[in-house]
Structures are given as C-alpha cells and as structure tokens.
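Summary of structural features
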Amino acid sequence: MSDAAVVCRELGCGEAVDALGKSHFGSGSGPIWMDDVDCSGSESRLKNCRSPVWGKHDCNETHNSGVICSGARLVLGSRCSGRVEVLHGESWVTVCDADFNQQDAEVVCRELGCGSPVKVLGAAAFGRGEGQVWSEVLQCRGNKSQIHFCPKSSSLKHNCSHDNDVGLVCAGVLLVNGSRCSGRVEVLHGESWFTVCDADFNQQDAEVVCRELGCGSPVEVLGAAAFGRVEGQVWSEELQCRGNKSQIHFCPKSSSLKHNCSHDNDVGLVCADSVRLVDGGHRCAGRVEVFYNRTWRSVCGKNWDIRDAAVVCRELGCGEAVFKNVQFGPRSAWMDDVNCSGSESSVKHCRSAGWVEQICNRLAGVICSGVRLVGRSRCSGRVEVLHGESWVTVCDADFDQQGAEVVCRELGCGSPVEVLGAAAFGRGEGQVWSEELQCRGNKSQIHFCPKSSSLKHNCSHDNDVGLACSGDKRRLVGGPNACSGRVEKLHRNSWLPVCDADFNQQDAEVVCSWELGCGSPVEVLGAAAFGRAEGQMWSEELQCRGNESHMYLCQTSPSLKPNCSHNKDVGLRCSGHTQARLMNGSDSCSGRVELQYLSEWGTVCDVSWDMRAASVLCAQLKCGSSVAVLGSDWFGEGSGRIWADVFDCQGNETHLLKCPISSWSRTACSHKQDAGVICSGSSLASHEGGVRLSGGMECEGEVEVFFRQEWRRVLLDSWSESEASVVCRQLGCGSVLNTSSSSSSSPEHSYMCVTGFNCSGSEAHLRNCSSSQAVNCSSTVQLYITCSGTSNTVHSSIRLVGSGGDCAGRLEVFHSGSWGTVSDELWDIEDAQVVCRQLQCGVALSAPGPARFGSGTGPIWLNEVECEGNEASLWNCRYQLCGEDECGHKDDVGVVCSEYKEIRLTEGCEGNLEVFYNGTWGNVCVNGMTDETAKLICRELNCGRTGSESWSKARVESAPNWLDNVKCRKHDSTLWHCPSSSWGENRCDNRNEVACITSSENGNTLDLTNWLCDSSPHERPCSS
C-alpha cells in the first residue's frame, strides 16, 4: 500500500484504496521498467522509491501492478468509518450532513472498497474537521464507482459549519475501546457489528486486520476481553486468513466450533508499525521497543525524558505519559540519545544518534495513562478518560471513591482527597462517557476496571466529576493565571498558605516545573504579594533539592517561624512557558517564533519582541546569537493562540524564562504580526544583512544589502551617516568619508528596495541595527558612499581567493588602494585562526604552505605575521611590511577554515553527490530530495540545466553523512541556500541512501545508480 500511496499522491488522485497485482486491470504492453519497488510512502514520485536497475526484472505481463485511488476518504475512525472528506482541487474538504444521503454513502463505501454503508452520522459524530466545508451537494444515484462521477449542484446550506460534518460507517472491521490501531476486534456482518471469539482468531487473521486498518504489523493478540466486554452477538464463523489479504472480507470463513463462546472471550488486537511497550504488565507501560529492519529492539536510555515518553504514548493511543523511566540492560537497541520536541507523531521522527544496532546498559521505559485531570494541575481537576481517540468526561453519578483510588494511583498522585461533582473544575467539551466504572480500588490503571452501561442517560457537562489527589499538595491562588499566585498546601482537606521565610528557589523549582507543569520559576514573592489568606498557616518548612518529581518527595522540618502571619504569605510566579521552537524556516535555527504555554503552542506578537529577546532565544536553542528579527511575511503566518507577552531581556540571559515577563495576552495582535528570527547558527545567517558596494572599487560604490535572499538597493530617505559608518566598518573600509546619490542605469525598471535601517553608528554589522523591511521602488536615484579605505596605515579588508569559496584560499589584504598577498615567514595556525574569525568562517583547519592555492600577482604586502590567536582582526597582530625584493609569490600563504564548503559529483558530471565541510568530504542523503535539487546541482557545477535524483551506495562507507532532507526551491541559486537538516543530523545509512542523479535524454531513462547531468553545449558530452 505504501507504493500505491505514492502513485496516487503523484497523480493528485487522493489516497490509495488498494494495491492490486496479477494484472487485475489487464496485461500491459511494451517494456517492464520497474520491479521489486520499495516505497516508504513519503516519496513525492514513484521514481524516487527504491528499486533495482530500471528495465531489469524477473516477471511478465501477467504480473502487472495496479492501483485504485480515491477522491474521498474517511477520517478519525478506521479505513471504513469516519468523517467524510472529499478531494477538492488539492485540498480535503468536509461535507455538510444535510447534503449527504444514503445513495452518496453507497458510492463512498464502494469507492473505498468497504462494502455497503451501515450508518450515516451527522452532527460531527467523528469530530469537527478543519478548513473548508464543501459548497456543493452530491446527487449520486448509488450505482457510481467513484464520488467524482456523481452529479453535483451548489449547496443551499450556506451556513453549514464543521458542527454539521457528516460521518459514515461502511462494512469492514473495527478496533474498539483502545485506539485507532488497538482495541476489541469487531467485524461487520449484515448490518450488525459482531465481536470475534479469541479461539477463532490467530496471527494470520491479525496480519490482515492490521493491514486493512493501515496500522502496520500485529504486536499482540489478546484474549479474555482485554479491551472490555460488549453486548450483542459473538460472530459464529471462524476466520481462515492466510495473512496476505488486503481486507478481512476477502478471507475464507467456516462455521465456528466454539458455540458457547461468550463476551468474556472477545478477542482484542494491538497493531503497531513503529513502537511497542514490553514487560510492563500491559500494553501502555514497559520498556520501549521500535521495529526497524524487520526486527524489534530496545531504545537506549541516554537523555530519555518525559517529552520522548509523551510521543510514545501518543503513538500507541495510550493517552498521556505519566512517568518516563530508565531500565537496566544490557540489551540490543536500535536508537540512542533520542531527542523529541514532544510534537512528533512517531518516535521514529525524533532526532537521535542514528539507527545502528548497539548494546545498551540503560534502556528507555514509559508508563502511559488513559486518564487525566484537567483544569487545575496534574493531580487535581476534571476527570477525563481516553475513549477511542477522544477524551470524554465522566458523570459524577458514575464515579465513586474506588474509581478515585485507581485514578490517583495511575497518575502517580498518591491517594484521593476529595471527589467533587457538579463540574467543580469547569464544564468539559465533547461527549460525556456513556459507561459506569466499577473499580475495586486495587487496579493499577483505569482501563483494567470492569465497566457497564451508565443508567444516567441525561447526564450533561453540568455533572462532570472532578478529583483532588493527595499528590497535589500545592496550588497557586489569587494570581492572574494558573501559573502565578499565592502558594497553598493541602493539609487534611484544608488549603494552608506558606510562610515566605520557609520557601526558597529550590522549592519553587519543584512547584513550577514538576508539580504544576508551569515551566520554570520566574520570581518568588513575599509579603502577601497575591493577597492575604485566612485561617491557619502551614507549620513546616520545605527542604526540596529542586529535582524532585513531586512535592511530597521533598523533606520537611518544623518551621523556624512559628508566629508567621498572613502578612508573610509567600507568592510565586512561574513562566508558564515549557518549550520554544522556530517553525517554517530553512533549518531549526531560523523561523517563526512559537512558545508553549502549559500544553498549548502559540506564536509571539512582533510588537512584544525585540533583538535582545531574540538573542536569548537563539542561545536557548543552541543556535548562537540573533542575526535578524523578521515579520510573518518572511516565515508565514502561524495558527492558534498569539502570546502578547513582553520579554524584558537584557540579551545576556541563557533562557527566555530568566527574562522578566509582563502583559500576558493583553495586546491586540493578529497572525500578520507573528515574529520570526534568524539565528547565527542558521544557514540563512551567513548572507542576511550582507552588504556590498557595486561599481568596481573595494571601498566606494553604490550600496546594496542582501535582504531576504536577494541583493537590494537602499532607499535614500532611510539612510544617514550612522548607517554609512556601519557599512564601512562591516566592509573593513575604515570610516565614512562621504554619502551621495547617483543615477541608476535602468530608469524604467522597478526594483525591490530595502528601507528602515536605524543604526547608532557603533554597530559592527548592519544586521545588528533595528530591523528593516522590503518595499517596491522605482526610484532612479541610488545611494553612493565613499569610505576612507584606511584603518591606521593599513586597509583593514582581507579575503581568501582561489578555492571557489569565501572560507578557504590564498590570503590577500587590501593596502594602499590594491590587493596583495602575505608571505609565509613565521605564518602558523594561530595566524590562520584570526583570519577565520575575522571572516566569520569558523575555526582554522590548516594554514597551507607556499602557493597551495596558486601564486598571486601584484604586491606582497605583509611578512612575519605573529598573532596570539585570540585577536579580532589580522591588523591587531604584529607584522612587517615586505620590503622591495624581500618576498616572492612562491611564498604566498593560504588558509582553510571549518566553514569552507564545496560540492562535487564523484565522476565529474555524474555520480554520488559529496560535500566538503569541516575539512572532510562526506555524503548527502537522498531523503526528501526532489528533481529541483538535482537541477540546481547540475547548474552549480556547470553540468547542464536538468537532472534527477535517486539513491546509491556510499563510495566511502566511513565518510560522514553531512546533509539530509535537502529541499531546494526554484529561487535558490546555490546548494547552501536550500533548506536542510543541520550538519551531521540525518536518518540514512551509507549502504543505500546517499544521493545520486540521473537525466533523461530523448525520452530514454538512464541507469539510476548514477547522478548524471545534461551537459550544456559548452561542457563535455553526457555519459550514456
């Protein structure tokens, strides 16, 4: 099905319904080009999938492959049940329940290969969709094979919303009471759903069910009603699947011999294509194992944290992560040093040290929960239970003290303190659970408790039950939000304030970070800052170390302030922010700013954001310092919440949480004002804010600024001597002598200009000035500046030439109006280190000997350069000027810096793509690459204008994989402008995933094991 999915996507035909073999649609004619195709499912074209050499095969025309694609899909149920969505253009749109009838349902079920319709459900029964509601009404007669063959007319329901999204259940199979890929097996027979007897269901049947639901491979078949008993019939037939069928209704069946099978024997099934938990007593707890290369292996526990655990729980449909733990091996493992952001859909998508079999002594483990408490803190709030893939509230009449015992135990929150009815923690949304819990109090998790149908049929959200557990011994009250207020401790069913003398920064760490999930402490406030409480004060002093996971794990001692009054009630302000990220940039160090507050992500308003806050964020993300603060027109508009917080940073803080924060969401702001940042660690940083003087002279000419990936002119009215001073300094051209205007040579042309620079004049780089913006301009007047060209007696500009890049080559310095070289006498790596630092090219890798990059011409300016290695400029080092006839060009020095980058194809204009970085040639992985990237490589290497990519084996297996997920765009002019993963971060191996290229000439497809460019007429002919 993965192969079929790629075909349907490439053709714009929606989703794959079935992959058919044995010439289902008749035998083809002509050559057979591909055999043994192996797609991951994420490729943009079938040609990008792995396969042997084109044209080589061991099959005939009776084995031609076929695909059925669909312009309709069912979402949030299973493949054969869910919310109806129709492909309209390139977008999926929902359908109004008033515009959809039984005949339309017949066609959708038939198109999806799901038999006949069982039930049409209105009122967003499978959840509210997103995007548009379809503006047309279907008029199917029921006999069409696909929805796009049905007549349509404009809908009369102009005010139809996502509350009216129609849902549909077709014949097939469902997994119930677990998640999409786990639960009780139910099969559609006639018009009723039947459970299946565990004695009539085996591993091969499980293979088919998991495949039909798009859930990978079976992990475990569970008998004895592991996912609960249900009413109705048990299926009277035995499945006899061979494991290779695409749907359960294709399997042979025979009468069951288990005539007395009851619902106590309902079979359950857990499927998983990525991850499972083992040795934990049930499927939602245990040691983490991932499926890779056809083998289940553990995950190493290095740096394993609660965010990693949360991804695993979500992927398994097991609710939320309660605990992450590390178990002890040794065991064989696939992944190490996993680093999830927490938002990934699969643990396989998280960053890690790579997929290599290894032996680990510390192994990752997880305990997930199918219950949560919402509205106050982790251990008190409204009770919500995971039912299928939705969280549902519980009726207060269906929940008792024994149910509360199990919930508090499952969440690691101690014992129940109080069960609260009547929506004490607020009214929930969505469904109220239709079952009654019958826990005995000794269960470890809520899903082990027996359940029965609730007798409270009219229970509403006014009856949502709440619960306070003893593990929740802290709350913050009297503040503007749940993450700031007066600290109170629960003691014998009463909330008592805490004396400010008994509470310190380490206690605050536990309350904010662990107990309340409110990020880090911002400020501990004494003297009843959030108001005076009433009643008793707490009589003990906390002695937390700061790393406890719960407040009740902290040591306590009798308070030294027995007479503390309510005038000393301690208050606490937590950041609320738990994570930060940059989205929609070319890499992880550039993009739209997004912050997580409690569990919700939101963007940041640019009126509340400045260069200092951006620098702190860059440092927090380990991305260096801030290069530019940009608006939403650069990184796109976000969605959801907009945080209008003002971060009053100095710029030297290590984390945003350490900056004072004010104005929670008080400023009116739209997503058109979403703030963006480019950090110095981004590939965009090396160019953004660059400046040049055009006209042929080094320190005099028309000003152009590199802004948003283009060289742009500067508007005169936004320029002063302060900005000109920064440009001269940035270019190493001394001080500004003069600014003037000159006429453009293309008066009829319209340009994109840049305006809005506001410099003090002391900045080292134009990008350190306040942010600028691009505007349309047709002015024929161009800004022209003249710099002094001298700094003391020697011009301060240097360059590296002869390598094709800016960060390696023969060293040249500008002096007395011309460029000259440097002699190698006393030249060493410390001198080269200063050159690399001055050019912002990283660190020095080597200081090559005489004429490594060719002999220069003209004067030889410097000799006997002696740097300590820590100078900011070569001109701060000791040096001598070369006397006449004292130096020769055979002694010209060179420098290679770590940021020097180069690309090559291993066979000239064909072969593996390799990149030189940090002094080493390495591979480029093929993941995510498209023909656009191949074309750019060919152009950049002067190897023609077209090419296409494929995969091959690495030429040198020990070479590093430098780049992955390279996705060049039409406007990129060099590989270094293309978005990609960070250096060295990849998900490929050297055996078969490094990038190669192929071209098509005269319609013939060439061997896919090479990267071959179409040569231009000026280059050597292409190989064939």
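Bear in mind that the values here come from a model prediction, so they are computed numbers and not experimental data.

1. With respect to the overall build of the protein
Each helix and strand in the protein was counted, giving 11 helices and 65 strands. Each of the 1024 residues in the protein was classed as buried or not, and the buried ones make up 50%. Residue pairs in contact within the protein that sit at least 24 positions apart in sequence constitute 69% of those at least 6 positions apart. Counting every atom, the protein has about 46,100 Å² of accessible surface; 45% of that belongs to carbon and sulfur.

2. Remarks on the pairing of strand S23 (residues 380-387)
Buried residues dominate S23, accounting for 7 of its 8 residues. In terms of strand pairing, S23 meets strand S28 (residues 466-469) through 3 bridges, oriented antiparallel. Counterpart to glycine 381 in the pairing with S28 is leucine 467.

3. Quick notes on the sheet that holds strand S59 (residues 913-917)
Pairing is mixed in the open sheet, where 4 strands are placed in the order S58-S59-S60-S62. Looking at strand neighbours, the two that pair on one side only are strand S58 (902-905) and strand S62 (961-963), the edges of this open sheet. Taken over all neighbouring pairs, the strand axes of this sheet differ in orientation by 45 degrees on average, direction set aside.

4. Comments concerning the state of the cysteines
For the coordinates displayed, the defined rule picks out 19 disulfides. Each disulfide pairs two cysteine sulfurs, and for cysteine 512 the partner residue is cysteine 574, the sulfurs being separated by 2.0 Å. Judged by the torsion about the S-S bond (-75 degrees), the cysteine 512/cysteine 574 disulfide is left-handed. With cysteine 512 in helix H6 (residues 505-515) and cysteine 574 in strand S35 (residues 571-574), this residue pair connects regions lying 62 residues apart in the sequence. Per residue, the accessibility class of cysteine 512 equals that of cysteine 574, and both read buried.

5. Notes on the nonpolar core
Residues Phe503, Leu572 and Trp609 are the most contacted members of the largest nonpolar core, which totals 41 residues. Of all the secondary structure elements, the ones that give two or more residues to this core are H6, S35, strand S36 (577-584), strand S37 (590-597), helix H7 (611-620) and strand S43 (676-679). Excluding its chain neighbours within four sequence positions, the residues that come into contact with phenylalanine 503 are Val487, Val498, Ala508, Val511, Val524, Leu542, Val570 and Leu572. Core analysis: the second largest hydrophobic core is formed by 28 residues, Ala832, Cys867, Cys897 and Phe916 among them.

6. A closer look at the confidence of the model for the protein
Per-residue pLDDT for the protein averages 76, and the proportion of residues at 70 or more is 79%. Confidence, expressed as mean pLDDT per element, reaches its minimum in the protein at strand S65 (residues 1004-1005) with 28 and its maximum at strand S57 (residues 894-897) with 90. A low-confidence stretch, residues 745-749 (pLDDT under 50), is modelled with 4 contacts involving residues beyond four sequence positions or located in other chains.

7. Some thoughts on the packing of aromatic side chains
Enumeration over the complete set of coordinates arrives at 5 aromatic pairs. Here tryptophan 962 and tryptophan 983 contribute two aromatic rings whose centre-to-centre distance is 6.0 Å and whose plane-to-plane angle is 80 degrees, an arrangement assigned as edge-to-face. A residue pair is termed long-range when its members are at least 10 positions apart, and tryptophan 962 in strand S62 and tryptophan 983 in the loop between S62 and strand S63 (994-998) qualify at 21 residues. When its relative accessible area of 29% is taken as the criterion, tryptophan 983 is described as partly exposed.

8. Some remarks on the pattern of salt bridges
Here the structure, examined in full by the defined rule, presents 23 salt bridges. Glutamate 594 is the salt-bridge partner of arginine 592, the closest N and O atoms lying 3.1 Å from each other. The two residues arginine 592 and glutamate 594 agree in class, both being buried. For the salt bridge of arginine 904 with glutamate 914, the shortest nitrogen-to-oxygen distance reads 2.9 Å. With arginine 904 in strand S58 and glutamate 914 in strand S59, this residue pair connects regions lying 10 residues apart in the sequence. Residue classification places arginine 904 among the partly exposed residues on the basis of a relative accessible area of 27%.

9. Some details on unusual backbone geometry
Of note in this structure, alanine 123 is not a glycine but carries a positive phi near 55 degrees. If you trace the backbone, alanine 123 turns up in the loop between strand S6 (117-121) and strand S7 (136-138). The exposure class of alanine 123 is exposed, given its relative accessible area of 56%. Of note in the backbone geometry, alanine 527 takes a positive phi value of approximately 55 degrees without being a glycine. Owing to a relative accessible area of 54%, alanine 527 belongs among the exposed residues under this scheme.

10. Topic: the side chain of glutamate 85
For glutamate 85, the location among the structural elements is in strand S4 (residues 81-88). A distance of 2.8 Å separates a polar atom in the side chain of glutamate 85 from a polar atom in the side chain of arginine 73. Each residue touching glutamate 85, except ones within four places of it in the same chain, is listed here: Gly71, Ala72, Arg73, Val75, Trp92, Val93 and Thr94.

11. Focus on helix H5 (residues 401-410)
Buried within H5 we find Gly403, Ala404, Val406, Val407, Cys408 and Glu410. Put simply, aspartate 400 is the residue that caps the front of H5, since its side-chain oxygen is 3.2 Å from the backbone nitrogen of glutamine 402.

12. Side note on the environment of glycine 651
Along the chain, glycine 651 falls in the loop between strand S41 (646-647) and strand S42 (661-662). With relative accessibility at 28%, the residue glycine 651 sits in the partly exposed group. C-alpha separation for the pair glycine 651 and leucine 617, spaced 34 residues apart in sequence, amounts to 9.2 Å. Non-local contacts of glycine 651, meaning those with residues more than four positions away in its chain, are made with Arg612, Ser615 and Val616.

13. Examining the side chain of serine 823
Tracing the chain through its elements places serine 823 in the loop between strand S53 (818-822) and helix H10 (829-838). For serine 823, a relative accessible area of 3% puts it in the buried group. Setting aside residues no more than four positions away along its own chain, serine 823 makes contact with Ile860, Leu862, Asn863, Cys882, Cys887, Asp891 and Val893.

14. Quick look at the environment of proline 218
Turning to its location among the elements, proline 218 is positioned in strand S13 (residues 217-222). Sequence-wise, proline 218 and alanine 206 are 12 residues apart; in three dimensions their C-alpha atoms are separated by 6.0 Å. With sequence-adjacent residues up to four places away left out, proline 218 is seen in contact with Gln203, Ala206, Glu207, Cys210, Leu269, Val270 and Cys271.

Basis of the calculations
Residues numbered from 1 in each chain as written. Predicted model: local features only at pLDDT ≥ 70, side-chain atom pairs only at ≥ 80, totals over all residues. Heavy atoms only, no water. Helix = DSSP H or I, 4+ residues; strand = E, 2+ residues; numbered from the N terminus. Buried < 20%, exposed > 50% of the residue type's maximum accessible area, 1.4 Å probe, protein only. Contact = heavy atoms within 4.5 Å. Areas by Shrake-Rupley, 256 points an atom, 1.4 Å probe, with all protein chains shown as cover. Pairing = 2+ DSSP bridges. Axes fitted to C-alpha atoms, helices over the stretch in contact; angles between N-to-C directions. Disulfide = S-S within 2.5 Å. Core = buried A, V, L, I, M, F, W, Y, C linked by side-chain atoms within 4.5 Å. pLDDT = per-residue confidence, 0-100. Phe/Tyr/Trp six-rings, centres within 6.5 Å; stacked < 30°, edge-to-face > 60°. Salt bridge = Lys/Arg side-chain N within 4 Å of Asp/Glu carboxyl O. Polar contact = N/O pair within 3.5 Å; in protein donor to acceptor, adjacent residues only side chain to side chain.

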